[in-house]
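Fold and contact review
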Amino acid sequence: MSILNSKIPEGPLAQKWTNYKNHQKLVNPANKRKLDVIVVGTGLAGGAAAASLGEMGFNVKNFTIQDSPRRAHSIAAQGGINAAKNYPNDGDSVYRLFYDTIKGGDYRAREANVHRLAEVSNSIIDQCVAQGVPFAREYGGLLDNRSFGGAQVSRTFYARGQTGQQLLLGAYQALMRQVNKGSVTMHTRTELVDIVIVDGKARGIITRDLVTGELQRHFGHAVVLATGGYGNTFFLSTNAMGSNGSAAVKAFHKGAMFANPCMAQIHPTCIPVHGEFQSKLTLMSESLRNDGRIWVPAKKEDAQAIREGKLKPTDIKEEDRDYYLERRYPAFGNLVPRDVASRAAKERCDAGFGVGTGLAVYLDFKSSIERLGKDVIEARYGNLFQMYEKIVDDNPYETPMMIYPAIHYTMGGIWVDYELQTNIPGLFAAGEANFSDHGANRLGASALMQGLADGYFVLPYTIQNYLADEIRTPRMDTNAKEFVEAEKSVKDRFEKLLNIKGNRSVDSIHKELGLIMWDFVGMARNEKGLKEAIKKIEAVKKEFWTNVRIPGNKEGMNVELEKASRLADFLEIADLMARDGLNREESCGGHFREEYQTGEGEALRQDDKFAYVSCWEYRGEKEEPKLNKEELVYENVQMLQRNYK
Amino acid sequence: MSNFLTSSIGKKFIMSISGLFLMMFIVVHLGINLLLIFDDSGELFNLGANFMATNPAIRIMEPLLALGFIVHILWSLIVSFQNMKARPTGYNQSKNSSNWASRNMLVLGCLIFVFLVMHIYNFFYIIKFEYQNLLEVDIDGEIMHDSYSLVAGLFKTSVTYCILYVVGAILLGLHLGHGFWSSFQTIGFANKLWLKRLQVIGQIYAIVVTVGFAIIPLYFLIKF
Amino acid sequence: MDKTINLTLKIWRQNGPKEKGRFETYQVSDISTDSSFLEMMDILNEQLVNENKEPIAFDHDCREGICGMCSLFINGRPHGPDEEITTCQLHMRKFKDGETITIEPWRAAAFPIIKDLIVDRQAFDKIIASGGYVSVNTGGVPDANAIPIAKPAADEAMDAASCIGCGACVAACKNSSAMLFVSAKVSQLALLPQGKVEAKRRAKAMVATMDELGFGGCTNTGACEVECPKSISIAHISRLNREFLRSRLSE
Ligand SMILES: Cc1cc2nc3c(=O)[nH]c(=O)nc-3n(C[C@H](O)[C@H](O)[C@H](O)COP(=O)(O)OP(=O)(O)OC[C@H]3O[C@@H](n4cnc5c(N)ncnc54)[C@H](O)[C@@H]3O)c2cc1C
Ligand code: SF4
Ligand code: FES
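Below: a short report on this structure. Keep in mind the model is a prediction, meaning the values are calculated, not measured.

In this assembly, 74 residues from chain A lie in contact with 77 residues from chain C. Together, the buried faces of chain A and chain C total about 6,300 Å²; carbon and sulfur atoms form 52% of this surface. Counting across the interface, chain A meets chain C through seven salt bridges. On the surface where chain A and chain C come into contact, there are 47 residue pairs in polar contact (both at pLDDT 80 or more). Those elements that place two or more of their residues in the side of chain A that touches chain C are α3 (44–56), α5 (111–131), α6 (163–181), α12 (374–392), α13 (447–467), α15 (506–520) and α17 (559–583) of chain A.

In C-alpha cells, the structure reads:
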C-alpha cells in the first residue's frame, strides 16, 4: 500500500530521530524567503510552528478563526505539560515517558513517533522558560513538578491551573514577534473553507473572512493544518465553542486519510449536565483526583433519596459510601487513567447509584481537608473550587463536588507519517488535528507536550525535507483554475446552505446529533447501537440539508452560517466515528465495545486482529468511505493487557 | 526626550512632579498659617509672613511656584482632552467602580482654581500690591505689615468667606486624597506593598491638610 | 434550585462598523437561574432564529473564563454584576425576576465595533507585537533550571501573566486606557531574569504603540483593577511607569 508509507527512519528506536535529522534535506537561507508556508491554526501546534518557521526565514501565512491568535483553544488547558526532565530524581527518563505514553495509549500508537515525542519533551520546557513562561517554582528557585494522571513519577510542569494559557501565550508572543518582523502575516477571524490541490500537491487554501464574508485565495508551497480536535461533534464537550473539525474534513474530501476517528477521550471529571439550555461542559482538572476521593452511595435507596433531595451527601455515613475506584483498583485508586475512571463512573450510574440528576458521582475533599488543612487544599485548587462554585453555586469545601465524564479530546485525526505529512504531498497536520501520538487514549498533560513538540521541534525540521524539493516552484498565481474552481465550489456550498431556508436552528440540529453520539458512540458502544447510530446520523444529515434555517446572507458577519458550515462537517465526522467504532471489534483505550471486555468489565484488546491504524479514505458523497490499514509494528515494547489493579 | 514629554506616561509624569512640588508647598503654607491660631497676638504669624516675604530663597521660589501651578493646570487640560478623545461614544448605562474623586480630578482642580483666584485676591494680592493699605506693626524693633489683622479681620467679619474657605479646604482634601498616592504611582514608586501604604498615607495627608486649613476660619469665626 | 425568571433585555444592535447602532428591547422568559449569562443569550438567539430574525452577534469561545473572548458590558459594568469573573462565568442567579438588563459592547476609540456586541481588539495584538515578548528563537536555549528564580518573583510574574486580554480594563476606564493590560505583560517579563534583559526597550516600545492606537492615558482611577476578571493589580502599572521612565531617562 504505497499511499500509506509511514516513513519511519531506519535504526534503533532511540536513534531514529537523530538519524532522520542527520540525513534530511535542508533549505538554504536564501531560498527560505522564496517559500510560502500556510499554517492554519494558532494553538500550541500552529502558533509554535508559525513562529519557528518565521524565525527560520520562511514566508509564513497564519490563520485563525478567533479574533486573536492568543485565543486558540489551547488556552483552556489547565493541568500541565509532561517532560522527561527527571528533576525530582524519581527515576524518570525518556524511555519511561515513551513507555508510559505507549501503554497509556493502549498500544495503538506508533513507537517511533512516541519516542521522538519523549525525546524532544525536555527541549520544550527549556524553550518555554526562555520565553518567560512563569512555571511554578519551589522556594529554592527551581522548577516544581507534580504527578498527574496516574503517572508513577512527577514529570508534570505547571503554571497554577493555567498551564495551557501560559504555554500558548509564550508561543503567541514568539509569533507576534515574527508578525512584527514581517516574516509571518496574520489573518485573524479567517476560516479555512477549502484546500487547493494542484497536480496532486497541496498548494493553497480558500478562506472566508468572518467579518466581511469575503472568500479569499492563498497560495503556499506547503500547507500545515493545526486546527485542533473534533470533540464538538458531540455538541456538549469540554472544547471551546468554536473548536471544529472542518479543516480535517476538507482534507479528507481532498483525499487525505482520516485515522482512528472513533478514538475520542472521555474525561472523568467534568461538571455534570444540568439542563437542556446547556452550551458546554466545564472540565475540572484531573489534578483534583490527587486529593479528592470519588464515591457514590453504596445503597440504592440512599442514591434515590439524594436524587429526590431528601438526603444530602454529607448525611451518608462513611460505611455507606462506595469508593468504587479504590475498591476496584487498589493499586491506582482514584488515579487510574481517564478511560478507566470514566467507564467506572458510567457503570455505577447505569446501575442506579448516580447522584444529582442520576448522571453524577461525588468527588470528595473532606478527608484531604482533614488531613492537610483547608489552606493547603485552597492553595492547590482554589481557582478550580471558585470556578465550580460560580457555576454550580455549591461550596466544594463543605459538600462534595459532583462530576461526570464528558467528551474532552480526540486522539483520532488526519493521518500523518513520521514527518507529520498526510498522504497528500505538501499537506501537513500537527497537534490535536493529527492522529499520531496518543493511540487509543491520551495521558494527562501529554497533549500540550505533543502540540508544542510538533510545532517547535518536529515540523520545522520535517517540512524542510519536503520544501527542499520545492525551491524551484515559483509562487503560483491564485487565478489559476484550481483556485478558481475551489472558490466556486465553496461559494456554491454557502449558497446552498443559505437557500435551504428551513425551520430549524443550527444548534437544535447539533444538539440532536450530540445526543445520538453520546448515546451510541459515547463511553460504551456495541454493534447494534453503532449500526443504529449510522442510520440516525444519516437522518440528521438529511434533516440538516433540508431543514436548517440560517438568517442573514453571506456578506458580512454571519455567525449562524459559520456554525452551519461547521455542523455540516461534524455530520461527516460523526458518520466516520460510528463506522470506525463498528469496524474496530475490540475495546482499547477510549474505544469501549461492550462485546469485548474481560470478566471484570475491563477493556479487551484484540491485538491479533486490530493492531493497526484505521485510515478512512473518501470516495465521494454517494460512496461509503474505504478502510485502509497501517499495521502497527512493535519492535521494542511488548503489548500487554493494561493493569491498574 | 521630546517624545517622552508627549507620551501618555510622560505627560502624567509632569502632572506628578508638579503635583508633588505643589504638595510640598502646601505643607509649608499650612505650617505658617497654623501660626494664626497658636498666638492670638498675631506676632508669630506676622514674623512668619514677614520671613516668607523677605527671604531671598523664598523670593526665588515664588515664580517657580507660579510655574508649578501653571504647568499642573495646563497639562491637566491636555491630558483630559486627550483622554476624552479615547472614548468618542459613551455608555448608555455605566456604574463606576472607581472612587468619585479619582474620576473628577479635573472638576476638583477647576473648583480649586476658582478658590485659588479668590484666595490670591483676598490675601496675596493685597500683601503684595496693595500693602500701602495694610497696618504696620513693630515686632522686636522691626516694622512689618500686619498680615495677621488682614486674615483675622476677613474671617471675623464674614461668615460667607469662612464657609468658602472651609469648602476650599475640603475640595483640596479630596483632590489630594487621590493626588498624593497617584503621583507616587506615576513616578513608579509603588509596588504591591507600597501601593496600599501610599494610599493610607495619602488619606492621612489629605485629612491633615483639610482639617488644618479649615480650622483657621472656623477658629476665628467661633472664637471671636 | 430550579428557579426560572423572566427578563427584559435592552441590547445594542449595529449591523456593521460604519453603520449607526441602536438599542433594541427583547423579552425572554423561563430562564433557569442555573444557566449562564451566555446560555441566556443563546436562548434569545434561538428565539430570534425561530422568528427568522438575525441573532445577536457576541464574542465568546471557551466559556470557562480563560480565552478572554467574551466581552459584554452588562448593566453598566464590564463582565456584569459579579466579581472576578468573565461574562461567560456570570450566572443568571445574579439577576432578579422582571429585571431589565442593558447589554452594550466595549466602548473605546481603539476598539471599533464590528457588529452588535462584537468589537475589534486587534489593538492588543499590535501592542504585544511591538515588544511583549522575550527575543529568543526556537532552540539553542539554556536548560530550564539553569537560572533559579525566586519564588515570590515567579509568583508575582504569574499573577501578571494571568491577564486574558479581554479588554475589560479599557472598557471600565473612563479614559479607555490600556495601561493595566500593557503593564501586566511588561511587569511579568520584567520580573523574570529572561525578560529583564529587554525590559526598558519593551516598555518604551509598547507604550509608544499603545499611545499611537488611540487609548487614553492612565489617571490612576483604579476602575480597571476592580473590573478585571483576573484581579490584575495596578501595582503593575507603577512598575510599567518605572520601567518606562528608566528607559527614557537613560537615553
Ligand atoms: C478544558 C481542557 C483542558 C485541557 N487540559 C490539558 C492539560 O492539562 N494538559 C494537556 O496536555 N492537554 C490538555 N488539554 C488538551 C489540549 O489543550 C489540546 O489538545 C491542545 O491544546 C490542542 O492544541 P492544538 O494546537 O492542536 O489546537 P487548538 O489549540 O485547538 O487550536 C486550533 C487552532 O485552529 C484554528 N482553527 C480551527 N479551525 C479552523 C479553520 N477552519 N480555519 C482557520 N483556523 C481554524 C483555531 O482558530 C485555533 O487557532 C485540555 C483540553 C481542554 C478542552
Ligand atoms: S488586565 Fe484584566 S481586564 Fe485588562 S485585559 Fe487583562 S484580564 Fe482583561
Ligand atoms: S468565553 Fe472565554 S473567557 Fe469567556
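All names here are of chain A. This structure, assessed with the given rule, holds 45 aromatic pairs over all chains. Relative to Tyr99, the ring of Tyr95 lies with its centre 6.3 Å away and its plane at 20°, an arrangement referred to as stacked. In this pair, Tyr95 and Tyr99 are both assigned in helix α4 (residues 94–104), four residues apart and thus about one turn of the helix distant. A relative accessible area of 43% means that Tyr95 is categorised as partly exposed.

Attention now goes to the pattern of salt bridges. This structure, assessed with the given rule, holds 80 salt bridges over all chains. Put simply, Arg504(A) and Glu512(A) hold a salt bridge, and the shortest N to O gap is 2.8 Å. Between Asp159(C) and Lys192(B) there is a salt bridge whose closest N-O contact spans 3.5 Å. One end of the pair, Asp159(C), is in helix α3 (residues 151–161); the other, Lys192(B), is in helix α9 (residues 192–223), on a second chain. Salt bridges sharing partners connect three or more residues here, namely Asp106(A), Arg108(A), Arg584(A), Glu586(A), Arg605(A) and Asp607(A).

Here the focus is the interface of chain B and chain C. At the junction of the two partners, chain B supplies 40 residues and chain C supplies 48 residues. Together, the buried faces of chain B and chain C total about 3,400 Å²; carbon and sulfur atoms form 53% of this surface. If you look at where chain B meets chain C, you find one salt bridge. Where chain B packs against chain C, one counts 29 residue pairs in polar contact (both at pLDDT 80 or more). Where the side of chain B that touches chain C is concerned, the elements lending two or more residues are α1 (2–6), α2 (8–38), α4 (56–85), α5 (100–103), α8 (159–186) and α9 of chain B. A breakdown of the residues in the side of chain B that touches chain C according to their chemical character gives 14 nonpolar, 20 polar and six charged.

Conventions used here
Residues numbered from 1 in each chain as written. Chains lettered and ligands numbered in written order. Predicted model: local features only at pLDDT ≥ 70, side-chain atom pairs only at ≥ 80, totals over all residues. Heavy atoms only, no water. Contact = heavy atoms within 4.5 Å. Buried area = accessible area lost by both parts, 1.4 Å probe. Salt bridge = Lys/Arg side-chain N within 4 Å of Asp/Glu carboxyl O. Polar contact = N/O pair within 3.5 Å; in protein donor to acceptor, adjacent residues only side chain to side chain. Helix = DSSP H or I, 4+ residues; strand = E, 2+ residues; numbered from the N terminus. Phe/Tyr/Trp six-rings, centres within 6.5 Å; stacked < 30°, edge-to-face > 60°. Buried < 20%, exposed > 50% of the residue type's maximum accessible area, 1.4 Å probe, protein only. Nonpolar A, V, L, I, M, F, W, Y, C, P; charged D, E, K, R; others polar.

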